[in-house]
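Residue strings, one per chain:
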Amino acid sequence: MTPSWSNLATELLQRFGDETRYAIPILQAIQTEQGYIPIPLLEAIASKAHHLQANQLYGVATFYSQFTFTPKGVHTIKVCMGTACFVKGAEHIVDAFKSALSIEVGETTVDGSFTLQTVACLGCCSLAPAVMIDGHVFGQVTPERVKELLKTKGFGL
Ligand code: FES
């Protein structure tokens, strides 16, 4: 059920206050509780607030990578594009995931199952090229292994 953005906006303003310094705490609460930043909610907050404006909230949300404007899928795939992984063909791994899931990087599959992201370094460069799915790291991934990985690891493709 879609939450009432108006009621949620009122509740957030009561919880945090209507001051520009509360923009980040409000956005963090939205990200945690909704899983993303719904634009209609920012507009509802701005329509009720005296000091917080929609373009200001939007500007802060676009500046910090912790905030996302699209709902995340049940499973999050992070393909490492750091130097060690890049030189070992990470681009081809990204392409294989894009093709297997029919989405671009940053998108979520239509059924809401998977979100595809790229990251700078997963911190396990000796396993390059590396992929993280829901916090599990997989190393020496090949394009050929991508579909098999999604099927056999129980991620439901
Ligand atoms: S560069 Fe990919 S894990 Fe470090």
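Draft legend 1. How the structure looks around unusual backbone geometry. Pro129 follows Ala128 through a cis peptide bond whose omega is -5°. Along the chain, the position of Pro129 falls in the loop between strand S2 (114-119) and strand S3 (131-133). Within the chain, Ser102 stands out as a residue other than glycine whose phi angle is a positive 60°. Assignment of secondary structure puts Ser102 in the loop between helix H6 (90-101) and S2.

Draft legend 2. Structural context of the domain arrangement of the protein chain. According to the domain assignment, the protein chain contains domain 1 (5-63) and domain 2 (75-152). Here domain 1 and domain 2 have C-alpha centroids that lie 32 Å from each other.

Draft legend 3. Highlighting the confidence of the model for the protein chain. Residues of the protein chain with pLDDT of at least 70 account for 94%, and the chain-wide mean is 91. Summarising per-element confidence for the protein chain, the mean pLDDT is lowest in helix H7 (residues 143-152) (87) and highest in helix H5 (residues 83-87) (97).

Draft legend 4. Summary view of the environment of Ile39. Along the chain, Ile39 turns up in helix H3 (residues 39-48). On the basis of neighbour count, Ile39 is assigned to the partly exposed category, with 14 C-beta atoms found within 10 Å.

Draft legend 5. Representation of the sheet that holds strand S1 (residues 75-80) within the structure. Taken in spatial order, the four strands make up an open sheet running S2-S1-S3-S4, and their pairing is mixed. Two strands bound the open sheet, and with one partner strand each, they are S2 and strand S4 (136-138). Between one strand axis and the next, the sheet turns by 20° as a mean value, whatever way the strands run. Contacts between H6 and the sheet are confined to S1, S2 and S3, with S1 contributing the most and set at about 155° to the helix.

Draft legend 6. Highlighting the nonpolar core. Counting 20 residues, the largest nonpolar core has Val79, Cys80, Ile93, Phe97, Ala130, Val131 and Val146 as its most contacted members. Where this core is concerned, the elements lending two or more residues are S1, H6, S2 and H7. Residue contributions to this core peak at six residues, all from H6. Discounting residues that sit within four places of it in the chain, Val131 has contacts with Ile77, Lys78, Val79, Cys80, Ile93, Phe138 and Val141.

Draft legend 7. Structural context of the packing of helix H1 (residues 5-16) against H3. Where H1 meets H3, the closest approach of the two axes is 8 Å, and the angle between their N-to-C directions is 60°. The pairing of H1 with H3 is recorded here as oblique in orientation. Handedness of the H1/H3 crossing: right-handed. Every residue of H3 that contacts H1 at Trp5, Ser6, Leu8, Ala9, Thr10, Leu12 and Leu13 is listed here: Pro40, Leu41, Ala44, Ile45 and Lys48. Residue composition of the contact of H1 with H3, grouped by class: nine nonpolar, two polar and one charged.

Cut-offs applied
Residues numbered from 1 in each chain as written. Predicted model: local features only at pLDDT ≥ 70, side-chain atom pairs only at ≥ 80, totals over all residues. Helix = DSSP H or I, 4+ residues; strand = E, 2+ residues; numbered from the N terminus. Domains from an automatic or database assignment. pLDDT = per-residue confidence, 0-100. Buried ≥ 20, exposed ≤ 12 C-beta atoms within 10 Å, placed from the backbone. Pairing = 2+ DSSP bridges. Axes fitted to C-alpha atoms, helices over the stretch in contact; angles between N-to-C directions. Contact = placed C-beta atoms within 7 Å. Core = buried A, V, L, I, M, F, W, Y, C linked by C-beta atoms within 7 Å. Parallel < 35°, antiparallel > 145°, perpendicular 65-115°, else oblique. Left-handed = near helix turned anticlockwise from the far one by under 90°. Nonpolar A, V, L, I, M, F, W, Y, C, P; charged D, E, K, R; others polar.

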